[in-house]
Number of protein chains: 2
Amino acid sequence: MSVSIKDVARAAGVSTSTVSRALGKGPVSAEVLRRVESAVLATGYRPNLAARQLRSQRSMAVGLIVADIRNPFFTQLSRAVEDAAYAAGMRVLLCNTDEDPAREAMYLELMAEERVSGLIMTPTRHLSPAALARVGRPVVLVDRAMPETDFDSIVLDNARASAELVDHLVASGRRRIAGLFGSTSATGMERRAEVEAALERHGLPARSALSLPSFDAGHAALAELLEREMPDALILSNGLFVRAALKLCHERRIAIPAQLALAGFDDEVWTDLVDPGITVIRQPVEEFGREAMQALLARIGAAKMRPRRVVLAGELIVRGSTAPV
Amino acid sequence: MSVSIKDVARAAGVSTSTVSRALGKGPVSAEVLRRVESAVLATGYRPNLAARQLRSQRSMAVGLIVADIRNPFFTQLSRAVEDAAYAAGMRVLLCNTDEDPAREAMYLELMAEERVSGLIMTPTRHLSPAALARVGRPVVLVDRAMPETDFDSIVLDNARASAELVDHLVASGRRRIAGLFGSTSATGMERRAEVEAALERHGLPARSALSLPSFDAGHAALAELLEREMPDALILSNGLFVRAALKLCHERRIAIPAQLALAGFDDEVWTDLVDPGITVIRQPVEEFGREAMQALLARIGAAKMRPRRVVLAGELIVRGSTAPV
DNA sequence: CATGTCACTGCAAACGTTTCCAGTTTCTGG
DNA sequence: CCAGAAACTGGAAACGTTTGCAGTGACATG
């Protein structure tokens, strides 16, 4: 049916071992190499990756587990990871957990079955390090990782970014600052803590809420938050929440920035298209992806290394949504 | 090293064949099934997918080749495909061509090597049917497909959508209607032809330009287009172009809809957050993905079927960007 | 000339499954 | 009670590679 290495060997008049070595990096004579190459062309041979993987016990595939690819942050991340992976001759298996620990666990299983050579993921808060270790492959955590984790991790400097946001809002005259943070991730928790700490440094009260990181959940949480006691500024811990906040302001005819200032994480494509533009922390997402892949390849190469943590700085982009009143 | 089916067989006191049947759907006694299941648990066995694929010649993976996952249309599409695929017990291999025929060809090669059991793709205009057939796997085209293609395809009713856009703009008083269309896809070509036909039916002149489907290229093309002769309405054949047009209007302080009406394809998340909201054709993207996967599975099941074409209707969503002046 | 080294090659054994085949037991109908 | 079918099981042969081992010559070194 399909043409195998045997057909190539026959066409080139050599053994299958020699073909294998000619295609790989084993030592072969120039003459044989030439014959094998033309035999490959003549027969239209394509190596069977399953056979190769079975024999060599290496898969040339990495897993990428994110919450939801439709979140632009993860979209960008995945694209960067794919590019880096293909450049290194590896393929990517993408999974969406929808922040559901059960799906997360299922996909970890699947990755183990696939014998991926490594794993990049944005874990939920509920994933135990033990479960992660049980996968038995190198793992790199991106965007979300407890500070004291045993795995390599690439994260934003959340302390600095949170402080910058708070400082900026205070400088622009806001005093009643509320925040909404993702409830499922270590990152959400971290940003909340850092925002509260920064507020405390200014001697201001902290009003923070948690929500599942989805547009609808965020929208509902914000509605409730604004209901209780109207703040004069809102800090949103991710792009979905920023969008939900903006939508809510439109619906309630809340004037930005006059009545309410808006600032958050993630510089999505539309943040400078709306009026006023939204003040955000831009995260170096592409760099997250590249660094993650690089860390993973290093880890695959040398399993025994102390876990490495890469902390990247965000960039505060000031727009009209936080203009002084 | 890793635990194989042999270990399970030994633990359960049966042969490997029986374990295989117990795990698959072969006939086994209840007693043996029980023993095998507990042996699997006890040993922590995970089937080796490479071995399974090698032996059974089936890969349980489908390829998905799109232009760029960062385009929200493809993001949504890929998510829908993934969901449908995982539901059917299949994995997805995602590739981004960036509209580059060379990369497209390379990924087709790769898919062949992977022995994917099927392929879903949004081809560039330059991909020859012959090259596609050479992959030797079932292929389903999504979003982009010549009407007379030999492959299954899922497409938008571009004729109707284009006519609706034109009719709406004319009804709202516009007469100098220009369009920008993606140059790399059959869809861009089709929409251009249909828009021009609709304009002709109204006895109006057609002014259309082509551009690579990226934000920057679209932005540049639009700048040039507006330079030459200012239209009173713009039709944009994809979400990137809509965004580029809006950005350009902001930069040039062109008033929407007073000076220029904006309408296009793809209802991205921000189209109702900007002011005025953008009039668009909403495409049933999730349905594209589901239908594509379903068609692919059908085709995998029965190779010999006449090619089937699914045409889905878009929905015109009228917003302020095309309000009558 | 003897010896060792080196570059190259082929043989054959894996890698972990599934599946064909044949064999054994148990059930069913007459 | 027998024949035949049906249900279940194990043995062994694949699937297409890579790779350890051993063998061949060629060539340099002493």
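Because the structure is predicted, anything quoted here is derived from the model rather than measured. (Residues numbered from 1 in each chain as written. Chains lettered and ligands numbered in written order. Predicted model: local features only at pLDDT ≥ 70, side-chain atom pairs only at ≥ 80, totals over all residues. Heavy atoms only, no water.)

### Points about the UniProt feature "domain: HTH lacI-type" (unreviewed entry) in chain A
Annotation from UniProt places "domain: HTH lacI-type" (unreviewed entry) at residues 3–56 of chain A. This span, residues 3–56 of chain A, is 70% helix and 0% strand, and a straight line between its end C-alpha atoms measures 20 Å. (UniProt positions renumbered as here; feature names shortened; annotations may be inferred. Helix = DSSP H or I, 4+ residues; strand = E, 2+ residues; numbered from the N terminus.)

### Quick word on the interface of chain A and chain B
One frequent convention defines the size of an interface as the accessible area lost when the parts assemble. Every contact between the two is made by 44 residues of chain A and, on the other side, 44 residues of chain B. Taken together, both faces of the contact between chain A and chain B bury some 4,200 Å²; the carbon and sulfur share is 55%. Interface area lost by chain A to chain B is led by Arg46, Arg79 and Leu273 of chain A, which between them contribute 18%. Along the contact surface separating chain A from chain B lie 14 salt bridges. Its salt-bridge partner being Arg79 of chain A, residue Asp68 of chain B comes within 2.9 Å of it at the nearest N-O pair. Seen at the junction of chain A and chain B, the total is 18 residue pairs in polar contact (both at pLDDT 80 or more). Of the residues belonging to the side of chain A that touches chain B, the class tally is 19 nonpolar, 8 polar and 17 charged. (Contact = heavy atoms within 4.5 Å. Buried area = accessible area lost by both parts, 1.4 Å probe. Salt bridge = Lys/Arg side-chain N within 4 Å of Asp/Glu carboxyl O. Polar contact = N/O pair within 3.5 Å; in protein donor to acceptor, adjacent residues only side chain to side chain. Nonpolar A, V, L, I, M, F, W, Y, C, P; charged D, E, K, R; others polar.)

### So, unusual backbone geometry
Here the residue pair Ile256 of chain A and Pro257 of chain A is connected by a cis peptide bond, since its omega of 0° sits within 30 degrees of zero. Position of Pro257 of chain A among the secondary structure elements: in the loop between helix H11 (239–252) and strand E9 (261–265). Following Asp275 of chain B, the chain continues into Pro276 of chain B via a peptide bond in cis, with omega recorded as 0°. Along the chain, Pro276 of chain B falls in the loop between strand E9 (261–265) and strand E10 (279–282). Not every positive phi belongs to a glycine, and Met60 of chain B is a case in point at roughly 60°. Within the secondary structure, Met60 of chain B sits in the loop between helix H4 (49–56) and strand E1 (61–66). In this structure Met60 of chain B comes out as partly exposed when scored by relative accessible area, which is 32%. (Buried < 20%, exposed > 50% of the residue type's maximum accessible area, 1.4 Å probe, protein only.)

### A closer look at the domain arrangement of chain A
Residues and elements named next belong to chain A. Taken domain by domain, chain A holds domain 1 (5–47), domain 2 (61–156 + 285–314) and domain 3 (158–284 + 316–322). The C-alpha centroid of domain 3 is placed 27 Å from the C-alpha centroid of domain 2. Between domain 2 and domain 3, the contact holds 18 residues from the first and 21 residues from the second. Summing both sides of the interface, domain 2 and domain 3 together bury roughly 1,600 Å²; the carbon and sulfur share of this comes to 53%. Considering only the side of domain 2, the residues that lose the most area to domain 3 are Arg125, Leu156 and Gly314, jointly responsible for 37% of the buried surface there. (Domains from an automatic or database assignment.)

### Focus on the relation of the copies chain A and chain B
Overlaying chain A with chain B gives an RMSD of 0.1 Å, the required rotation being 180° about an axis along which the chain moves by 0.1 Å. Classification of the inter-copy transformation places it as that of a two-fold axis. Most of the interface of chain A is mirrored in chain B: 100% of its interface residues are interface residues there too. (Least-squares fit on C-alpha atoms with pLDDT ≥ 70 in both.)

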